[in-house]
Amino acid sequence: GEDVEQSLFLSVREGDSSVINCTYTDSSSTYLYWYKQEPGAGLQLLTYIFSNMDMKQDQRLTVLLNKKDKHLSLRIADTQTGDSAIYFCAESNKAGGYNKLIFGAGTRLAVHP
Amino acid sequence: NAGVTQTPKFRVLKTGQSMTLLCAQDMNHEYMYWYRQDPGMGLRLIHYSVGEGTTAKGEVPDGYNVSRLKKQNFLLGLESAAPSQTSVYFCASTRGPNQPQHFGDGTRLSIL
């Protein structure tokens, strides 16, 4: 089946690192994505990783992919109050004969002083 | 460069009314999508289009219709609105399959 799971909440202190975890079920996914949603706004693409990669780094963001365990994580270094948002993990999927994204329910990140 | 623009941003309807949500993109993208977002859930795909003149059903298509008469526009219609369709609707577009999707800011729709 198709399922993407994330923990619902994460609270971190400003300046610390945040790690948001995601598990997925479809081993044939070609891309895995992280989106950020701020209140009242749409989803903003943060980063994505191709399924044949283990890690991708982009400034403060590090994505780790463990294909064996179907586990994806997003690490935000030096977390700031502006990072407070909902973060969605998504996998690309071709089940049903068409390309689509399967989203997790989102992890709400709260950054406190 | 506006990206993906959705209109309207907010709307309140009575049960049984009809309305059309408009999505416009200026990136010359082939693929366009309509999602709904409900509390505690991720986005669920309603309908999508792989090019001008084409549409297809997604995960939750019942109660909705779509049209893609022009490449840059993707319309989502509710013929007879129901309270279960109260949601936030997002449109997205992408150059092709497996390419990152670009999202609009959403339309918040309430059905009374």
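Quick caveat: nothing in here was measured; it's all calculated off a predicted structure.

Peer 1: Outline the confidence of the model for chain A, listing residues and values.
Peer 2: Averaged over chain A, the pLDDT score is 90; the fraction of residues at 70 or greater is 93%. Per-element averaging of pLDDT across chain A places strand 10 (residues 100-103) of chain A at the bottom with 85 and strand 2 (residues 9-13) of chain A at the top with 97.

Peer 1: How would you summarise the packing of aromatic side chains if you had to cite specific residues and measurements?
Peer 2: According to the stated counting rule, one finds 15 aromatic pairs over all chains in the structure shown. For the pair Phe88(A) and Phe103(A), a centre-to-centre distance of 6.5 Å together with 85° between the ring planes defines the contact as edge-to-face. With Phe88(A) in strand 9 (residues 85-93) and Phe103(A) in strand 10, the pair connects residues that are 15 residues apart, well separated along the chain. Its relative accessible area of 1% is what places Phe88(A) among the buried residues. Linked through ring pairs, Tyr31(A), Tyr33(A), Tyr35(A), Tyr48(A), Phe50(A), Phe88(A), Phe103(A), Tyr31(B), Tyr33(B), Tyr35(B), Tyr48(B) and Phe103(B) together constitute an aromatic cluster. The ring centre of Tyr48(A) lies 4.4 Å from the NZ or CZ of Lys56(A), which sits over that ring.

Peer 1: So what's going on with the sheet that holds strand 3 (residues 19-25) of chain B? Which residues, and what values?
Peer 2: Residue and element names in this part refer to chain B. Ordered in space as 1-3-8-7, the 4 strands form an open sheet in which the pairing is antiparallel. Since the sheet does not close on itself, it has two edges, and those belong to strand 1 (4-7) and strand 7 (65-67), each with one partner. In this sheet, neighbouring strand axes are inclined to one another by 20° on average, regardless of whether the strands run parallel or antiparallel. Examined bridge by bridge, strand 3 and strand 8 (residues 73-78) share 6 bridges and lie antiparallel to one another.

Cut-offs applied
- Residues numbered from 1 in each chain as written.
- Chains lettered and ligands numbered in written order.
- Predicted model: local features only at pLDDT ≥ 70, side-chain atom pairs only at ≥ 80, totals over all residues.
- Heavy atoms only, no water.
- pLDDT = per-residue confidence, 0-100.
- Helix = DSSP H or I, 4+ residues; strand = E, 2+ residues; numbered from the N terminus.
- Phe/Tyr/Trp six-rings, centres within 6.5 Å; stacked < 30°, edge-to-face > 60°.
- Buried < 20%, exposed > 50% of the residue type's maximum accessible area, 1.4 Å probe, protein only.
- Lys NZ or Arg CZ within 6 Å of the ring centre and 35° of its normal.
- Pairing = 2+ DSSP bridges.
- Axes fitted to C-alpha atoms, helices over the stretch in contact; angles between N-to-C directions.

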